[in-house]
Amino acid sequence: MPQIIDGKKISAMIKDELKTQVTALKSKQEVSICLAVIQVGNDPASAVYVGNKKKACAYIGIDSLSYELPEETSQAQLMDLIGELNHKAEVTGILVQLPLPEHIDEDAVIRAIDPAKDVDGFHPQSVGALCIGQPGFVSCTPAGIIQLLKRSGIEIAGRECVVVGRSNIVGKPMALLLLRENGTVTVAHSRTENLKEVTGRADILVVAVGRPKMITREYVKEGAVVIDVGIHRNEDGRLCGDVDYEDVAPICSAITPVPGGVGPMTIAMLMHNCVEAGKAGRR
Ligand code: NDP
């Protein structure tokens, strides 16, 4: 039987560690940590994500400010608000919930956030810092996957790591992080030829393709570690990943379930970034 990598348990552990850290910092009045969350429009999924982020802040002891803006908010209005929050000393982190309405230029919004407050790690300066090995905020989902691997005792250095997917928020930062951990990294995508052959070389296979149950056992080497980033709701209303769990689990050494694998780690790492931003803000 494979090791089931328990993201729920590991994320709870990280949140508890952060809570202890924040309590200690606050007792010495050394730091104020405040996350400003901006949501534009009424997308129900976004509202759930924002609610979960605020709940996690409250649990850890991070203050949060909420800006719920109407769908028709203009680009200029949103940029003005970000500019204001960039200058507010008591706000140490800024998060704009994506996706934004179509009339708003997402890239421009991300670029407008002060990199020192970019707790999502999406700003080009944060991505550049990751690329050249300098300190900066790292995109939360891939950072969470590194924590899952490390805290499950899985060695990365020297191993063949294959990332399927090259999005800016998951695939690319994931590849850079595995490289930083001294993995031998290959990035596959929709134009990759002989995908099964490529994924079949992986000791650690990270799948972020956004296609339900695409990865079956033909893609996986026996004994591999399989990390499933995908999250989908299938016809009968149940959640599933990009990996066909029932088919793949019996042949791998460790695997993340969906739900309860990568998903819970994203918020835990966002909280980690918020605490780091607060700590840096006091210097
Ligand atoms: P994107 O759609 O932005 O990227 C998907 C990537 O997969 C692209 O690089 C694409 O290649 C590649 N791809 C698509 N089809 C194939 C194929 N048949 N073979 C090989 N590669 C393929 O997705 P995201 O990275 O944003 O998300 C991926 C999944 O992870 C989604 O299910 C999403 O819901 C989930 N997710 C989960 C999170 C969590 O917290 N658990 C957080 C973020 C995402 P190309 O570039 O060539 O088009």
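Residues numbered from 1 in each chain as written. Predicted model: local features only at pLDDT ≥ 70, side-chain atom pairs only at ≥ 80, totals over all residues. Heavy atoms only, no water.

Asker: Before we go on, may I ask you to explain the pairing of strand 6 (residues 184-188) in this structure?
Answerer: Remember that side chains alternate between the two faces of the sheet whenever the strand is regular. With 5 bridges connecting them, strand 5 (residues 160-164) and strand 6 associate as parallel partners. Following the sheet pairing, V162 is matched in strand 6 by T186. This β-α-β element, strand 5 to helix 7 (residues 171-180) to strand 6, shows right-handed connectivity. (Pairing = 2+ DSSP bridges. Helix = DSSP H or I, 4+ residues; strand = E, 2+ residues; numbered from the N terminus. Right-handed = clockwise from strand over helix to strand, strands pointing away.)

Asker: It is not clear to me how helix 7 should be interpreted in this structure. Could you clarify?
Answerer: Quick reminder: α-helices carry 3.6 residues per turn. Residues three or four places apart thus point the same way. Residues of helix 7 that are buried include every one of G171, P173, M174, A175, L177 and L178, and no others. Among the structural elements, helix 5 (124-131), helix 6 (140-151), strand 5, strand 6 and strand 7 (204-207) are those in contact with the buried residues of helix 7. Backbone geometry just downstream of helix 7 places N182 in the positive-phi region, at approximately 70 degrees. (Buried < 20%, exposed > 50% of the residue type's maximum accessible area, 1.4 Å probe, protein only. Contact = heavy atoms within 4.5 Å.)

Asker: How should the pairing of strand 7 be read in this particular structure?
Answerer: Burial along strand 7 is two-sided: the residues I204 and V206 and L205 and V207 are all buried. Sheet topology note: the strand 5/strand 7 ladder contains 4 bridges and is parallel. From the neighbouring strand, C161 faces strand 7, where its bridge partner is I204. Here strand 7 pairs with strand 8 (residues 225-228) via 4 bridges, running parallel. Residue pairing across strands places V206 opposite I227, the latter belonging to strand 8.

Asker: Looking at this structure, I do not really get the domain arrangement of the protein chain. What am I missing?
Answerer: Interface extent is often summarised as the accessible area lost during association of the parts. Parsing the protein chain into structural domains produces domain 1 (30-116) and domain 2 (140-263). The straight-line distance from the C-alpha centre of domain 1 to that of domain 2 is 29 Å. (Domains from an automatic or database assignment.)

Asker: Would you mind showing me how to read the site of the ligand here?
Answerer: In the vicinity of the ligand there are 22 residues, among which R166, S167, S190, R211 and T266 approach most closely. Here an oxygen atom of the ligand and a side-chain polar atom of S190 are 2.5 Å apart. One nitrogen or oxygen atom from the main chain of I231 is found 3.4 Å from an oxygen atom belonging to the ligand. In isolation the ligand has 930 Å² of accessible area, and contact with the protein removes 69% of it. Considered class by class, the residues forming the shell around the ligand number 9 nonpolar, 10 polar and 3 charged. (Near = heavy atom within 4 Å. Polar contact = N/O pair within 3.5 Å; in protein donor to acceptor, adjacent residues only side chain to side chain. Areas by Shrake-Rupley, 256 points an atom, 1.4 Å probe, with all protein chains shown as cover. Nonpolar A, V, L, I, M, F, W, Y, C, P; charged D, E, K, R; others polar.)

Asker: Would you mind going over the sheet that holds strand 3 (residues 63-69) with me for this structure?
Answerer: Hydrogen bonding along the main chain pairs the strands of a sheet, whether they run parallel or antiparallel. What the 3 strands build is an open sheet, ordered 3-2-4; its pairing is parallel. Each of the sheet's edge strands pairs with one partner strand only, and the pair in question is strand 3 and strand 4 (93-96). Between one strand axis and the next, the sheet turns by 15 degrees as a mean value, whatever way the strands run. As paired elements, strand 2 (residues 34-40) and strand 3 share 7 bridges and run parallel to each other. In the sheet register, A36 faces strand 3, and the bridge partner there is L65. (Axes fitted to C-alpha atoms, helices over the stretch in contact; angles between N-to-C directions.)

Asker: Help me understand the pattern of salt bridges in this model?
Answerer: Oppositely charged side chains can form a pair if their charged atoms are brought close together. On inspection of all chains with the given rule, the structure shows 6 salt bridges. The residue R151 makes a salt bridge to E17 at a minimum N-O spacing of 3.0 Å. Linking R151 in helix 6 with E17 in helix 1 (residues 7-27), this pair joins segments that are 134 residues apart in sequence. Since its relative accessible area comes to 39%, E17 is described here as partly exposed. D247 is the salt-bridge partner of R217, the closest N and O atoms lying 3.2 Å from each other. Highlighted residues: R217 in the loop between strand 7 and strand 8 and D247 in helix 9 (residues 245-248), separated in sequence by 30 residues. According to the relative accessible area criterion, R217 is partly exposed, its value standing at 34%. Among the residues examined, D247 registers a relative accessible area of 22% and is labelled partly exposed. (Salt bridge = Lys/Arg side-chain N within 4 Å of Asp/Glu carboxyl O.)

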